[in-house]
Every structure is written in structure tokens, then in C-alpha cells.
Amino acid sequence: MRTLLVGWLLGIVTLPVLALGASWLGLLPSYANAPEPAWEKAVAQMALQNYAARRAPHIPNPIAPTDENLLAGMKVFRDACSGCHGDPGATSDYGASFYPKVPQFAKHPPRLPDYQLFWIIRNGVRYSGMSAWDRQWDNSEATSDDKIWKVATFLSRLDTLPPAVDAAWRRKQS
């Protein structure tokens, strides 16, 4: 039993020391054109989803998913988000230049509840290009939150948009 405990403690100390040593020696890739390892993407997604699940307050969505509100959320998304997160039929993937790569919501809609999407949009994502949107519009929390909720409402329903909103979403932008 003592050998097991010593081995376990040694492992807990050794792995972080090896990781720090590899970083210090410059053995870990740090350039943005490096291919994204599957394990790194999986760990980052898991960390973000679990952190949002634990930290995002279960706030009821004040925005009803009406066609008008979904279209307003789509407009905010297209104006502020689609440059990185994509649009249906987009010919280029602007988010590919970021590391880690930016999720392309037109191809792979987010699978998070709207309150978690709201929290992520409002607070941003550390170590990525996703800045916090808190109070970005008119320096007013109420205006900012309204727009964030509309985007979150739109994104949380990308798979189930009403026909009129879905047609507007799939319409090619000029």
C-alpha cells in the first residue's frame, strides 16, 4: 500500500513538472498554424461546457422565441458573430485562422441551453478570440443583455427555426 501511495504522489508531482519542463524548453508547439490535436480540442470543449454548466446562473430567458426576436438575434449574429462563426453558404472560413479554431455554427449549431450561451457570450472565452460582450452596445447593460439574449435565443434554436426565419438564415448575404 505504501508503494502505491508513493507512486501515486510521485506521478502527481512528475507529470506537471514534465509539462512545465517541456514548455520551458520550447518543446510544445505554440504557433497558430499547428494542426489542432483532437485531444486538445476535446479537453478544451469539455472544460468550457462543464465550466459554463457549473457557473452560468439558471436565468430564465426573457426573450420569447418569436419570429421577430429570432430575426433580430440573427441580425445581431450576422453583424457581430458570423465573421468568425460562419454563415450558411459562406465561401470562406474566417474562424479557421484562430487557434483554437472557432466553432462554425452554420455547420454545427451549439448544443447548449440558452442561459449557458448567454453566459458564454456575455463573459467571453479565455485563451481564445472570443471576447466578452458585456456592455458592448451603448455602454448600457440593459441594451447589451437584450441583444445577447436575442443571439442566444437564435443560436439555441438553429436546428428548429420556424420556416420564415430558416429561409432568412439560409438566404445568401450580399
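Note that the coordinates shown come from a computational prediction; the quantities given were computed from them, not determined experimentally.

Just to check I follow, could you spell out the packing of helix 2 (residues 38-55) against helix 5 (residues 114-123) for this structure?
Following both chains from N to C, one finds helix 2 and helix 5 inclined at 105 degrees, their axes separated by 10 Å at the closest point. Relative to helix 5, the element helix 2 lies roughly perpendicular. Residues Leu48, Gln49, Tyr51, Ala52, Ala53 and Arg55 of helix 2 touch helix 5, and the partners they reach there are Gln116, Trp119 and Ile120. Looking at the contact of helix 2 with helix 5 residue by residue, the class counts come to 6 nonpolar, 2 polar and 1 charged.

I'm lost on the environment of Pro35 in this one. Help?
Structurally, the position occupied by Pro35 is in the loop between helix 1 (2-24) and helix 2. Judged by its relative accessible area of 66%, Pro35 is exposed. Sequence separation between Pro35 and Asn61 is 26 residues; the distance between their C-alpha atoms is 38 Å.

Help me understand the nonpolar core, please; the structure alone is not making it clear to me.
A general feature of soluble globular proteins is that nonpolar side chains tend to end up buried together. Counting 28 residues, the largest nonpolar core has Phe154 and Leu155 as the members making the most contacts within it. Those elements giving two or more residues to this core turn out to be helix 3 (67-80), helix 5, helix 6 (141-156) and helix 7 (163-170). Contacts of Leu155, omitting those with residues within four sequence positions, involve Phe77, Phe105, Pro110, Leu117 and Ile121.

Mind showing me how you'd approach the packing of aromatic side chains here?
The geometry of two aromatic rings is summed up by the distance between their centres and the angle between their planes. Enumeration over the complete set of coordinates arrives at 6 aromatic pairs. Each ring, one from Tyr51 and one from Trp119, has its centre 5.7 Å from the other, and the planes form 45 degrees; the classification is tilted. Placement of the pair is Tyr51 in helix 2 and Trp119 in helix 5, with a sequence separation of 68 residues. Taking 6.5 Å as the distance between ring centres and 40 degrees as the angle between the ring planes, the aromatic pair formed by Phe77 and Phe105 counts as tilted. Here Phe77 is found in helix 3, whereas its partner Phe105 is found in the loop between helix 4 (82-85) and helix 5, with 28 residues between them in sequence. The burial state of Phe77 is the same as that of Phe105; both residues are buried.

Quick notes on the rules
Residues numbered from 1 in each chain as written. Predicted model: local features only at pLDDT ≥ 70, side-chain atom pairs only at ≥ 80, totals over all residues. Heavy atoms only, no water. Axes fitted to C-alpha atoms, helices over the stretch in contact; angles between N-to-C directions. Helix = DSSP H or I, 4+ residues; strand = E, 2+ residues; numbered from the N terminus. Parallel < 35°, antiparallel > 145°, perpendicular 65-115°, else oblique. Contact = heavy atoms within 4.5 Å. Nonpolar A, V, L, I, M, F, W, Y, C, P; charged D, E, K, R; others polar. Buried < 20%, exposed > 50% of the residue type's maximum accessible area, 1.4 Å probe, protein only. Core = buried A, V, L, I, M, F, W, Y, C linked by side-chain atoms within 4.5 Å. Phe/Tyr/Trp six-rings, centres within 6.5 Å; stacked < 30°, edge-to-face > 60°.

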